[in-house]
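Single-letter residue listing:
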Amino acid sequence: KKNLLEIRDLTVEYHTNGGVVHAVNGLNLEVAPKETLGFVGETGAGKTTTALSILNLLPHPQGKVISGSIKYNGEEILNKSNKDMTRIRGEKISMIFQDPMTSLNPVMTVGDQIAEGIRLHDHLSKADAHKKALEMLKTVGIRPERASDYPHQFSGGMKQRVVIAIALACNPELLIADEPTTALDVTIQAQMLELMKGLKDQYDTSMIMITHDLGIVAEICDKVAIMYAGNVVEYGDKVDIFTPEKPHHPYTVGLFDSIPDIYHEQEELKIIKGLTPDPTDLPSGCTFHPRCPYACEKCSKQMPKHLEVEPGHTISCHRFDDTKEVK
Ligand code: SF4
């Protein structure tokens, strides 16, 4: 199956007064058409930076892609012009941010905001674009009469629905959702996930769901990439990642052990010891070694390779060094 998105050896840095932040360090990732990839890791693992790199939206001038390649539909997008990237963002790849107000214009009615994107994309007349905007509002469960309201007249959950309507109005091939439900309360979160799942199926959109919530991954994703210190440490089908008996990266094991299990009584929650590494001063070798219960001498000296432990399931850890290396 041909990939829609293919990232190879991506390295991204931020140059700040506090030093060079190594946000993404040689990351490999792919997304197939119609697939939903869960991109999981703690804050600061490089998830959002990866997303911003795909869209060419890294903060300027601090953020910079140092090396690597991002291919979209087989075409390198890292060296596209700003004009081309604006077009790609309008037509092919949309992003939903955590805080809906980042993407909404406070002085424009929500109907006009949805219609604006549609007009640019579909070259429709103002009236037709407005009609389609009303349909989009209905699709995300908002009464079309509310098209003439402004963002501040909506609750947090409703604002995020508007953002989703804007993101989907242009029929993107790839939707990147960055913690889209984190700012919402729990009941609304569940509704939003249902809505996104439904819309994704309806529109055949591929999706990257950035989250630190394994419950969301279980709910909505096909594939999972576990991210640690700017790299993917484990990648595979959701079923493989969620099956405890399968081989796993020690960090993945730690992540799953730290979720409360409501079905089984547990002695205590295991927390991964130590802190996430300082991205201006990453540990040598395997970046997880200061926190890893299995670390051996080699771990602090040598960066582990991506190894295929079973078809389509890769882990980057020296414990699996006798398995096949993948690129
Ligand atoms: Fe732990 Fe070593 Fe594997 Fe890193 S390479 S996760 S330190 S065992």
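Note that the coordinates shown come from a computational prediction; the quantities given were computed from them, not determined experimentally.

Novice: What's the story with the sheet that holds strand 10 (residues 231–237) in this structure? I'm lost.
Specialist: Two strands in a sheet stick together by hydrogen bonds in their backbones, pointing the same way (parallel) or opposite ways (antiparallel). With mixed pairing, the 9 strands of this open sheet are ordered in space as 6-7-8-3-9-10-12-11-13. Where the open sheet ends on each side, the last strands, each with one partner, are strand 6 (93–96) and strand 13 (324–325). Across 5 bridges, strand 7 (residues 174–178) lies against strand 8 (residues 206–211) in parallel orientation. Counterpart to Leu174 in the pairing with strand 8 is Ser206. Where helix 9 (residues 250–257) meets the sheet, it contacts strand 9 (223–228) and strand 10, and its direction lies at approximately 100 degrees from that of strand 9.

Novice: Would you explain the pairing of strand 8 in this entry?
Specialist: On a regular strand, one side chain projects to one face of the sheet and the next to the other, so that they alternate. Counted residue by residue, strand 8 has 6 buried out of 6 residues, so it is predominantly covered. Here strand 8 shows no split at all, with Ser206, Ile208 and Ile210 on one side and Met207, Met209 and Thr211 on the other all buried. Both strand 3 (residues 36–40) and strand 8 contribute to a ladder of 5 bridges, which runs parallel. Within strand 8, the residue paired with Leu37 across the bridge is Ile208.

Novice: Explain the nonpolar core here, please?
Specialist: A general trend in soluble globular proteins is that nonpolar side chains are found buried together. Ile114, Ala165, Ile176, Ile208, Ala225 and Ile226 are the most contacted members of the largest nonpolar core, which totals 77 residues. Broken down by element, the residue count for this core peaks at 9 residues, all from helix 5 (residues 156–169). With near-sequence residues (within four places) excluded, Ile114 lies in contact with Ala133, Met136, Leu137, Ala165, Ile166 and Ala169.

Novice: Hey, could you run me through the site of the ligand in this one?
Specialist: Contacts to the ligand come from 13 residues, most closely from Cys286, His289, Cys292, Cys299 and Cys317. Here the shell around the ligand is composed, by residue class, of 9 nonpolar, 3 polar and 1 charged.

Novice: Before we go on, may I ask you to explain unusual backbone geometry in this structure?
Specialist: Most of the time, phi is negative for any residue but glycine, and the peptide bond is trans. A cis amide bond links His60 with the next residue in sequence, Pro61, at an omega value of 0 degrees. With respect to the helices and strands, Pro61 occurs in the loop between helix 1 (47–54) and strand 4 (63–72). For Asp204, which is not a glycine, the phi torsion comes out positive at approximately 60 degrees. Topologically, Asp204 is positioned in the loop between helix 6 (186–203) and strand 8. Accessibility expressed as a C-beta count within 10 Å gives 10 for Asp204, which makes it exposed. One non-glycine residue with positive phi stands out, namely Ala229, at about 50 degrees. Mapped onto the elements of the fold, Ala229 is located in the loop between strand 9 and strand 10. Its 24 C-beta neighbours within 10 Å are what place Ala229 among the buried residues.

Novice: Would you mind showing me how to read the sheet that holds strand 2 (residues 19–31) here?
Specialist: Spatially, 4 strands are ordered 2-1-4-5 in an open sheet, and the strand pairing comes out antiparallel. For this open sheet the edge positions go to strand 2 and strand 5 (75–76), each flanked by a neighbour on one side alone.

Novice: Just checking my understanding: could you explain the packing of helix 4 (residues 126–139) against helix 5 for this structure?
Specialist: Packed helices, taken two at a time, are described by their axes: the angle between them and the distance between them. The contact between helix 4 and helix 5 brings their axes to 9 Å, and the two run at 125 degrees. Taken as axis vectors, helix 4 and helix 5 run oblique relative to one another. Helix-helix and strand crossings are classified by hand; for helix 4 and helix 5 the assignment is right-handed. Residues Met136, Leu137 and Thr139 of helix 4 form the contact with helix 5, whose participating residues are Ala165, Leu168 and Ala169. Within the contact of helix 4 with helix 5, the residues separate by chemical class into 5 nonpolar, 1 polar and no charged.

Reading the values: rules and limits
Each chain carries its own residue numbering, running from 1 in the direction its sequence is written. Side-chain atom pairs in this predicted model are given and counted only at pLDDT of 80 or more, local residue features only at pLDDT of at least 70, and totals for whole chains, interfaces and linings cover all residues. When DSSP finds at least two bridges between two strands, those strands are taken to pair. Think of it this way: any DSSP run of H or I at least four residues long counts as a helix, any run of E at least two long counts as a strand, and we number them from the N terminus. We call two residues in contact when their backbone-placed C-beta atoms lie within 7 Å. Angles here are taken between N-to-C directions and fall from 0 to 180 degrees, while the axes themselves are lines fitted to C-alpha atoms, restricted in helices to the stretch in contact. With C-beta atoms placed from the backbone, a residue is labelled by how many other C-beta atoms lie within 10 Å of its own: buried for 20 or more, exposed for 12 or fewer, partly exposed between the two. By definition, a nonpolar core groups buried Ala, Val, Leu, Ile, Met, Phe, Trp, Tyr and Cys residues that are joined through C-beta atoms within 7 Å. Each residue receives a C-beta atom placed from its backbone. It is near a molecule or strand if this atom lies within 6 Å of it. In this classification, Asp, Glu, Lys and Arg are treated as charged, Ala, Val, Leu, Ile, Met, Phe, Trp, Tyr, Cys and Pro as nonpolar, and every other residue, Gly included, as polar. Note on terminology: angles under 35 degrees are roughly parallel, angles over 145 are roughly antiparallel, angles of 65 to 115 are roughly perpendicular, and the others are oblique. Handedness of a helix crossing follows the sense of rotation of the near helix relative to the far helix, less than a right angle counterclockwise being left-handed and clockwise being right-handed.

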